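Next come the chains, spelled out residue by residue.
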Amino acid sequence: MAKYNIAVIEGDGIGPEVMEQALNVLGALGGEADWLSVEKLPWNSRYYLEHGRMMPEGWKEQLQRFDAILFGAIGDARVPDDVSVWELIMPIRKEFRQYVNFRPVRSLPGIRSPLADGEDIEFAIFRENAEGEYSDSGGRMFRGEPAELAIQNTVMTRAGIERITRAAGDYARRHGKTKLTSATKSNAVVHANKLWDEQVARTVRTDYPELELESVYVDALAAYFVQRPQSFEVVVASNLFGDILSDLGSGITGGLGLSPSANINPEKDFPSMFEPVHGSAPDIAGKGIANPIAQIWSAALMLDHLGEAEKGKKIVRAIEQVLAEGKVKTADIGGDATTAEMGQAILDKLAALPEKG
Ligand code: ATP
């Protein structure tokens, strides 16, 4: 039995392409023999077309025995997006209580931000990942008729808001951050977002009194991300707001090909899942040109979570060195390197790094 058993779901589109590079990097890291064992699970849109479901019936029991899940991307034109999302990603996030979606946003050496003054961006987004706007509560009536209507309920709970605020507060404390920014829209979404504001404020006041809390309407916050991104340290947001803000965060620092994320169950009752912010990118799938960095970085976040912070740091250092050098760049960041060439460049840097530190 290996020390860490990892389930790998490559998924669709560029998922398998970028995953191959992430697995090469994990395989190249030193450690006692058998420190990491990887099992691939073939759950993707092709699996759905063959079996009529995204995952087998016993998926929960099957996945639960792993220490972590490394996930690629899901999405294929032959399967409606709501099926692939609601039958694969959502059940894993919700059933495994992965209520924290951690998305670091930072400028990187050698990568030009589209912002004139975007060099020193470094903040973290804590997106609530298990409730909020992404709920299947609601329904549709009078389909196809002029009177057709849809109702979609947002579900927010005091407990859910408190635990994501605590995750953000704990991170702020661990990293010596002094300010927490809460994304809200309580002037318009008067029930759910007022509860959000009240509970975020209560949690900070009671448990993190050293933190300065600023509550900002999400539309204004989007503008501030562009105008003064350096002023943010830790951002806490609901499921939908956090999703949009993290793509914006990725856009201002160099794009989706560089942005990792972690779906975390902080109590460690269930495995956590690590995946790039990007999706299956069907426009470039099969061409071998996707940037594998977001996926490789997600593997580094996984190692951090497993308690192998030193190994995680080494991966990030190797990525930074490749980017700083600027010789190997994929198309999304202004070069013409292939996915495999970028993976190899990171492997080469990794091999040249000292064993410790
Ligand atoms: P999905 O619906 O699965 O999220 P999508 O194509 O709508 O897929 P993304 O996959 O997130 O959205 O990406 C949007 C675009 O960004 C892609 O079409 C692609 O051009 C680009 N992109 C995303 N990820 C990468 C990557 N790793 N390397 C290079 N380009 C990328």
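A.B. asks: What am I meant to see in the pattern of salt bridges here?
C.D. replies: Here the idea is simple: oppositely charged side chains can pair when their charged atoms come close. Enumeration over the complete set of coordinates arrives at 18 salt bridges. Asp 243 is the partner of Arg 127 in a salt bridge, and the nearest nitrogen-oxygen pair spans 3.7 Å. Taken together, the positions of Arg 127 in strand S5 (residues 122–128) and Asp 243 in helix H8 (residues 239–253) put the pair 116 residues apart, joining distant regions of the chain. By relative accessible area, Arg 127 is classed as buried at 1%. In the salt-bridge network here, residues are joined through shared partners; they are Lys 3, Glu 308 and Lys 311.

A.B. asks: Whenever I open this one, the packing of aromatic side chains confuses me. Can you help?
C.D. replies: Where two aromatic rings form a pair, the distance of their centres and the angle of their planes describe that pair. Applying the stated rule across the entire model yields nine aromatic pairs. When the ring of Phe 225 is compared with that of Phe 232, the centres are 5.2 Å apart and the planes differ by 55°; the resulting orientation is tilted. Through successive ring pairs, a cluster of aromatic residues spans Trp 59, Phe 96 and Phe 270. Cation over ring: Arg 228 sits above Tyr 224, and NZ or CZ is 4.2 Å from the ring centre. Residue placement shows Lys 311 over the ring face of Trp 35; its charged tip is 4.7 Å from the ring centre.

A.B. asks: Just to check I follow, could you spell out the domain arrangement of the protein chain for this structure?
C.D. replies: On domain assignment, one finds that the protein chain holds domain 1 (1–103 + 266–357) and domain 2 (112–253). Placing the centre of domain 1 and that of domain 2 at their C-alpha centroids yields a distance of 25 Å. Buried surface at the junction of domain 1 and domain 2, summed over both partners, amounts to about 1,400 Å²; 56% is from carbon and sulfur atoms. Broken down residue by residue, the surface that domain 1 buries against domain 2 is led by Tyr 99, Asn 101 and Arg 103, which jointly contribute 45%. Where domain 1 meets domain 2, there are one salt bridge. One salt bridge connects Asp 243 with Arg 103, and the closest N-O pair in it is separated by 3.4 Å. For the interface between domain 1 and domain 2, the tally reads eight residue pairs in polar contact (both at pLDDT 80 or more). Elements represented by at least two residues in the side of domain 1 that touches domain 2 include exactly helix H4 (81–95) and strand S4 (100–106).

A.B. asks: I'm lost on the side chain of Thr 181 in this one. Help?
C.D. replies: Position of Thr 181 relative to the elements: it lies in strand S8 (residues 179–184). A polar contact of 2.8 Å, which involves the side chain of Thr 181, links it to the side chain of Glu 214. In this structure Thr 181 touches Glu 214, Val 216, Leu 221, Phe 232, Val 234, Val 235 and Val 236, once residues within four positions along its chain are discounted.

A.B. asks: How should I be thinking about the site of the ligand in this particular structure?
C.D. replies: Of all residues adjacent to the ligand, which total 14 residues, the nearest are Gly 279, Ser 280, Ala 281, Asp 283 and Asn 291. In this structure, an oxygen atom belonging to the ligand sits 2.5 Å away from a side-chain N or O atom of Asp 283. Asn 291 places a polar main-chain atom, nitrogen or oxygen, 2.8 Å from a nitrogen atom of the ligand. Residue composition of the shell around the ligand, by class: seven nonpolar, five polar and two charged.

A.B. asks: Help me understand unusual backbone geometry in this model?
C.D. replies: Most peptide bonds are trans, and most residues other than glycine sit at a negative phi. Residue Phe 142 is not a glycine yet carries a positive backbone phi of 55°. Mapping Phe 142 onto the fold places it in the loop between strand S6 (138–141) and strand S7 (149–152). Look at Phe 142 and you get partly exposed, because its relative accessible area is 38%. You will see that Lys 268, though not glycine, has its phi angle at about 60°, which is positive. Its place among the elements puts Lys 268 in the loop between strand S11 (260–264) and strand S12 (272–276).

Cut-offs applied
Residues numbered from 1 in each chain as written. Predicted model: local features only at pLDDT ≥ 70, side-chain atom pairs only at ≥ 80, totals over all residues. Heavy atoms only, no water. Salt bridge = Lys/Arg side-chain N within 4 Å of Asp/Glu carboxyl O. Helix = DSSP H or I, 4+ residues; strand = E, 2+ residues; numbered from the N terminus. Buried < 20%, exposed > 50% of the residue type's maximum accessible area, 1.4 Å probe, protein only. Phe/Tyr/Trp six-rings, centres within 6.5 Å; stacked < 30°, edge-to-face > 60°. Lys NZ or Arg CZ within 6 Å of the ring centre and 35° of its normal. Domains from an automatic or database assignment. Buried area = accessible area lost by both parts, 1.4 Å probe. Polar contact = N/O pair within 3.5 Å; in protein donor to acceptor, adjacent residues only side chain to side chain. Contact = heavy atoms within 4.5 Å. Near = heavy atom within 4 Å. Nonpolar A, V, L, I, M, F, W, Y, C, P; charged D, E, K, R; others polar.

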